[in-house]
Each structure stands twice: as C-alpha cells, then as structure tokens.
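Spelled out, the chains give:
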Amino acid sequence: LLGGDIEVASELGHGSVFTAAVPLVSAQCPVIATARDAHACDASLEGMRILVAEDQVTNRWLIRRQLERLGGMVTDVEDGRAALAAFNVGRYDLVITDCHMPGIDGLELVRLIRCAEASDGADPLPILGLTADVTPEMRERCLTVGMNNIVAKPIDLIRLHAAIVLLTSHASAGAIPDEASRDAELFDPSMYEQLFADDVAEGHEWLGAYLASAAQHGVRIEQAAAGGNRSELRAAAHTLAGSSLSVGAMRLGTLARRVETVAPNASEEEVHELADEVILAMRSAREAIICFMATPALVA
Amino acid sequence: MSGGSAPDGLKVLIVDDESFMRRTIRLMLRAVGRFRAEEADDGDAGLALVPIFRPDLVLCDIHMPRVNGLQFVEQLRNHRQGELRHTPVVMLTGSAEEETIMGAARLTISGYLVKPVSPKLLGSHINAIFPGRQAEWQR
C-alpha cells in the first residue's frame, strides 16, 4: 500500500518494533523516478503514441524510459524543429514538450502545431508543457499558445503520469479542471504552512508520519472491508478521516468520513466500492503530498 | 481552575488514540502560543495523568478504545480529588453526529471542535476559556 512496506519484529519479553516505510522523493533529483513509483500509478499508457521534445539528453532519456515502462510508445526529439518534423509525418496521441529549447522552443512549437491543426481541420492533440518557470505569467503564456496543461520541472514521474492520465481522459471533453484547485482537493497545504513556517525538515517529517499512519489505516480498511468487520471498518475510517482532514488531504478525508458514516448499514457491494475509492484517493493524496515535498512552492 | 500553570505556558493534556493527531495538536499549540503538553492515548491513560500533570486544559478526542472521551469527562467530573473536577475540557473530535454532540452537551465541557481544526480556531477557544490570562500563554 502506498508503495511502502510495514514490518513487525517481535522478541518475547523485549517488545515489538513496527516499521512503516514509505518511499519519498528527493527535491534534489533532476528527474524523480523509481520502479516503485511506476507501480504506484495503475493507469496504463499502453499503446499511447507520445511525442517528446526535450533538449536535455538525460531528461529526455529518463522521460522516455519511464513512459515506455508505463506502456507508452515514445518518439523523442531534441528540439522544436525536430518535433515539428515528427508531428508532420507521424500520428500521435499526446505531445510533451519542454518549454525552453534552442531554436523553435516549446511555446513556438505548440503555436505551430495548433495552426497546422486549425488549417487541416484536425482535432487538437493534447499537449503538455514542461517548465521550471511556474509563475502565473508563464502558465498563462503556455495555455494561451495552446498547451492543455504544464508540469513543473524537476519532473516527478508520478506528477507527469497523473497529468497525462488527467489530460488524456479529459481530451475528448476539451477541458481540464484547474490544476490548483485539484491539487488543493488532494492536498491543501494551509495547515502545513501554519505549523511549519520555516522548518521544512520538520514539516516533511510530519507529512511522512501522516503517510505512514494513513498507510496503516488503509490496510485496516481493506482488511475490514474484505472480512466484513464493520466496526473495525468504521473505526479505521474514523481515524483516517480525522488525520487526513487535519493534514489537508481533503478528498481522502471526506471519503473516509463517508465510509465511517455508511459502514454500519451499507451493502457489501457498497462497502467494497467505497473501500476501493478510499485506497485510490489515498494513492492520489500520497502523490500530491510527495509532489508538494519535492516542489512546495508549486502547490502553495 | 485546576492546578497551577508552569511559567513556560499553560499545561495542556492531549487525549487522543491516534499518535499522529496527538503530534498535530501539539504542533498546533506550538503555533499559537506557549504551552506544556502531555499526551494520553485513551481516557483511562488521561485519567491517570490528570492528578500527576494537573493540566490547565484537556483537549480530548471522543471515539477512543477502552475509556472514550465522554466517559473520560464523566469520570473527571466525579474525580475523588475535588479540585481536579473543574478542569476545562474541550472535545476535539471528528464526530459531528447529533447523538454524540448531545452526549457531550450533557457533560460540562468548555468547547466542542470538529476536526479539522485550525491553530487559529484552537487559539481563540483557549483565549475564551482563559480570559485575562493571555500573558501566560500568548507570545
């Protein structure tokens, strides 16, 4: 659960040691990705044809590797000119482009792609921009030229994957929810900000403790739902709701609260569905919190 | 009011079965002022700590195993040491059901806060419970 492990070591007469390990990402990595992270996101990109434009060799290689691991079929190029050439001859389901590249940069590339689509009467491709400049002005510029969303650099695989899934699942509708409000629903950092004005290390430790605790209650919920133990289900959901709402994981907390409320009288089917929803929401909350820890200024 | 407060702030007993919540409440207290906090993981442990720690205030969860928050308050109000019976208690809970609130209202409590609670809200409740004693805990 949450890509982590819970271990128990017990020695008669000496007590027990419970260890909860949750993989967290480091803000220092240029691209953050682990095999565990790849498993953390279940939504497959199987068969998705993705054009990636990124001038930095290491980032390009890592993005390709991770997208392929998720089932994507990747064409990667080193600049906007090569991306435009690939776009003109190939068929793609998604374009991911760095914003800052020599020659034709990401913004110009997207503008040219949108012009070509308009003149051909083609459906607009979903396009994600990658940039370290996440100011509102830059975001506005990216969206104005025709990007559907931007993902902050340094790139976190989970965040990138989530953005792709969200974008492609909304592609037919042509609209995506505002990233800021969605992030706030998954993780609202206002409590964090009130508690840890300066001490980032302590704040991260607190968030890590929450993730470990939530993972344990997630296990309890899964087991109680599977075993039909309604009082245990209610107790675990109650505890998870309280800590989640307090830490700012609003969607998870609200769902857990719903499980707590309906647990005594819900049908088996309803209980299983809700428990599954809680686990999915927990995964999303974890991703949002990890992203926040990697790049707190983006969510704040 | 119960036993004397320490020079470094009011004494607060946090009673909650979830260690992460105890930690979070402790951090919230730190964010709003100067407090000395002790923790208990259920009502029973809380009742054992009260005569030793002699808190100025108890922040108490409701749903806990063994002795729950309402039972804690009931037993505290009948404590054999009379001076402890009037210790202010604020319920800090995730329970917003009418039945639970009515159960708490029948006891003598100083507040009922439903999680999530912001440090600011907690601070304003403490301020209301201890009028004129801001110097003891506010920075």
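Refer to the structure printed above.
Just so you know, these numbers come straight off a predicted model, no measurement behind them.

## Remarks on the nonpolar core
Consideration 1: Counting residues in each nonpolar core, the largest one holds 61 residues, and the members touching the most others are Trp206(A), Leu207(A), Tyr210(A), Leu252(A), Leu29(B), Leu59(B) and Ile126(B).
Consideration 2: With 12 residues, helix H12 (residues 268–294) of chain A is the largest single contributor of residues to this core.
Consideration 3: In this structure, Tyr210(A) is in contact with Ser243(A), Ser244(A), Val247(A), Ala249(A), Leu252(A), Ile289(A) and Phe20(B), ignoring residues within four places of it in sequence.
Consideration 4: Counting residues in hydrophobic clusters, the runner-up holds 22 residues, among them Leu84(A), Ile104(A), Met138(A) and Cys142(A).

## Digging into a negative patch on the surface
Residue and element names in this part refer to chain A.
Consideration 1: On the surface, Glu-222, Glu-269, Glu-270, Glu-273, Asp-276 and Glu-277 cluster together into a negatively charged patch.
Consideration 2: Looking at the secondary structure, you find Glu-273 in helix H12.
Consideration 3: Taking relative accessible area as the criterion, Glu-273 reaches 46% and is therefore assigned partly exposed.

## Considering the pattern of salt bridges
All names here are of chain A.
Consideration 1: Across all of its chains, the model carries 20 salt bridges over all chains by this definition.
Consideration 2: Linking Glu-68 and Arg-64 is a salt bridge whose minimum nitrogen-to-oxygen distance equals 3.0 Å. Pair noted here: Glu-68 and Arg-64 are both in helix H2 (residues 57–69), with a separation of four residues, about one helical turn.
Consideration 3: A residue is classified by how much of its surface remains accessible, and Arg-64, at 26% relative accessible area, is partly exposed.
Consideration 4: With a shortest N-O distance of 3.2 Å, Lys-153 and Asp-98 are connected by a salt bridge. In this pair, Lys-153 sits in the loop between strand S8 (149–152) and strand S9 (155–156) while Asp-98 sits in strand S6 (residues 94–98), placing the two residues 55 residues apart along the sequence. Per residue, the accessibility class of Lys-153 equals that of Asp-98, and both read buried.
Consideration 5: Residues joined by salt bridges that share partners form a network here, namely Glu-54, Asp-98 and Lys-153.

Thresholds, definitions, all that
- Residues numbered from 1 in each chain as written.
- Chains lettered and ligands numbered in written order.
- Predicted model: local features only at pLDDT ≥ 70, side-chain atom pairs only at ≥ 80, totals over all residues.
- Heavy atoms only, no water.
- Core = buried A, V, L, I, M, F, W, Y, C linked by side-chain atoms within 4.5 Å.
- Buried < 20%, exposed > 50% of the residue type's maximum accessible area, 1.4 Å probe, protein only.
- Helix = DSSP H or I, 4+ residues; strand = E, 2+ residues; numbered from the N terminus.
- Contact = heavy atoms within 4.5 Å.
- Patch = residues over 30% accessible without salt bridge, like charges linked within 9 Å, V, L, I, M, F, W, Y side chains within 5 Å.
- Areas by Shrake-Rupley, 256 points an atom, 1.4 Å probe, with all protein chains shown as cover.
- Salt bridge = Lys/Arg side-chain N within 4 Å of Asp/Glu carboxyl O.
- Lys, Arg positive; Asp, Glu negative; His and termini not counted.
- Charge placed at Lys NZ, Arg CZ, Asp CG, Glu CD.

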